[in-house]
Amino acid sequence: MIKFLDLHKINNRFRAEFQASFSKSLDDSYFILGNNVSNFENEFAAYCGTKFCVGTANGLDALTLILKGYIALGKLKKGDKVIVPGNTFIATVLSVLHAELIPVLVEPNSDTYNISVSTDKSIFVDAKALIMVHLYGQLTDVESFQKIAKDFNLLLIEDAAQAHGARCNLGKAGSLSQAAAFSFYPTKNLGALGDGGAVTTNDAQLLEVLKLLRNYGSHKKYTNKIIGFNSRLDDMQAAFLSVKLKVLDADNAARRSVAKKYLEGINNSKLKLPFYDGSKNHVFHAFVIEVDDRDHFSAFLDRNEIEWLIHYPIPPHQQEALKLFSHFNLPLTEKIHKRIISLPMSPVMRGEDIQTVIDVLNTY
Ligand SMILES: *Cc1c(COP(=O)(O)O)cnc(C)c1O
């Protein structure tokens, strides 16, 4: 069986360092917002090229707290419209709803799966913010959306939960907007051994609000300035993340190398391969292809013992939880969700397994 993602193999590389981190934490017994969190925040801000980083409990909270933070700062208000790609992971949409804002779902570009620059500009007129989701690890057309945000006076936010380390000439994911949300869910390119998330930003005012919001609205113990949450990055997870951050660039390079082998080796007109410009703007969180009869194809992969996943089988506006949005007309998003399937992809994939996937797909 060729695994979709071998988490044990990914993390076992760091067993000794994780164990040393754990021992130190047990000795220090400073479990909440300790030095591991502040160290990791400094390292991750430096990595992304931003002034600040604030750890949060997970990626959904990172997104939600950015939006709540801008509400607290008066830059957004309840009921404001926020543009979000219709084919994103549901967390992006949920964050907007949790902040009592209104998501405006738009179609993606059919090659990059990211929000499209050819989106009808009229929807930007009465929107107040736009969330660029760097889906599957590929940066959105940042230059165009930075200009659109400026022209239409939109707050520009990144959902970089799948794009740790992706970079273009304008900078790295996390530094390409006013504030960016990351997830360190175990399967992400930078994954913890549990939940975790972070916001990166250059905005000192937002930083202060986020620090309050994640910690009961408290700036000093038992003194609460605003109505906050409990959404802190776990100190132990922060220590593990510091260990793994050191190899993030190498891991992303390994993912790109798997992708290049797939792109060069797979030659089958029944399969639409992902668009990739060959640069570092893609960190291949997922390698997503399209096929006409997906059930038939996935059964073929099963028979050949190749694991697969679908990112994602149901678009947010068709989820039972979001019945409110079932009137949205997003034909391209719906079509994509019926056709996409993700192939095995990880930084620790063996060359022979990559070749097996290629050979098998070429016989489909
Ligand atoms: C994983 C993910 C999130 C949410 O992260 P969690 O840590 O699971 O809350 C948000 N957006 C996207 C695009 C994701 O892939």
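Model, not experiment: these values are computed from the prediction.

What follows is about helix 10 (residues 248–265). Look at helix 10: 26 Å from first C-alpha to last across 18 residues, which is about the 26 Å you get at 1.5 Å a residue. Of the positions making up helix 10, those classed as buried are Leu248, Asp251, Asn252, Arg255, Arg256, Val258, Ala259 and Tyr262. Down the axis, helix 10 shows its buried residues gathered within 155 degrees of arc, on one side only.

Our next topic: the sheet that holds strand 8 (residues 179–183). The strand order 1-9-8-5-4-2-3 describes an open sheet built from seven strands, whose pairing is mixed. The sheet is open, and its two borders are formed by strand 1 (52–56) and strand 3 (102–106), each paired with just one other strand. If you compare each strand with its neighbour and ignore which way they point, the axes differ by 25 degrees on average. In this structure, strand 4 (residues 127–133) lies alongside strand 5 (residues 155–159), joined through five bridges in parallel fashion. Each bridged residue has a counterpart across the sheet, and for alanine 129 the counterpart in strand 5 is leucine 155. Along the sheet, helix 3 (residues 35–48) contacts strand 1, strand 8 and strand 9 (197–201); its crossing angle with strand 1, the most-contacted strand, is approximately 130 degrees.

This part takes up the domain arrangement of the chain. The domain boundaries assigned to the chain delineate domain 1 (7–106 + 113–245) and domain 2 (248–361). When each unit is reduced to the centre of its C-alpha atoms, the spacing between domain 1 and domain 2 is 24 Å. Counting from both sides, the interface comprises 33 residues of domain 1 and, opposite them, 35 residues of domain 2. In this assembly, domain 1 packs against domain 2 so that about 3000 Å² is buried in total across both faces, 60% of it on carbon and sulfur atoms. Considering only the surface of domain 1 that becomes buried against domain 2, Tyr113, Tyr136 and Asn189 emerge as the three largest contributors, covering 25% of it. Between the two partners, domain 1 and domain 2, sit two salt bridges. Taking the shortest distance from any N to any O, the salt bridge between aspartate 249 and arginine 167 comes out at 3.2 Å. Counting across the domain 1 and domain 2 interface gives 21 residue pairs in polar contact (both at pLDDT 80 or more). In terms of residue class, the side of domain 1 that touches domain 2 is built from 18 nonpolar, ten polar and five charged.

The rules behind each value
Residues numbered from 1 in each chain as written. Predicted model: local features only at pLDDT ≥ 70, side-chain atom pairs only at ≥ 80, totals over all residues. Heavy atoms only, no water. Helix = DSSP H or I, 4+ residues; strand = E, 2+ residues; numbered from the N terminus. Expected span 1.5 Å × (residues − 1). Buried < 20%, exposed > 50% of the residue type's maximum accessible area, 1.4 Å probe, protein only. Arc of directions from axis to C-beta. Pairing = 2+ DSSP bridges. Axes fitted to C-alpha atoms, helices over the stretch in contact; angles between N-to-C directions. Contact = heavy atoms within 4.5 Å. Domains from an automatic or database assignment. Buried area = accessible area lost by both parts, 1.4 Å probe. Salt bridge = Lys/Arg side-chain N within 4 Å of Asp/Glu carboxyl O. Polar contact = N/O pair within 3.5 Å; in protein donor to acceptor, adjacent residues only side chain to side chain. Nonpolar A, V, L, I, M, F, W, Y, C, P; charged D, E, K, R; others polar.

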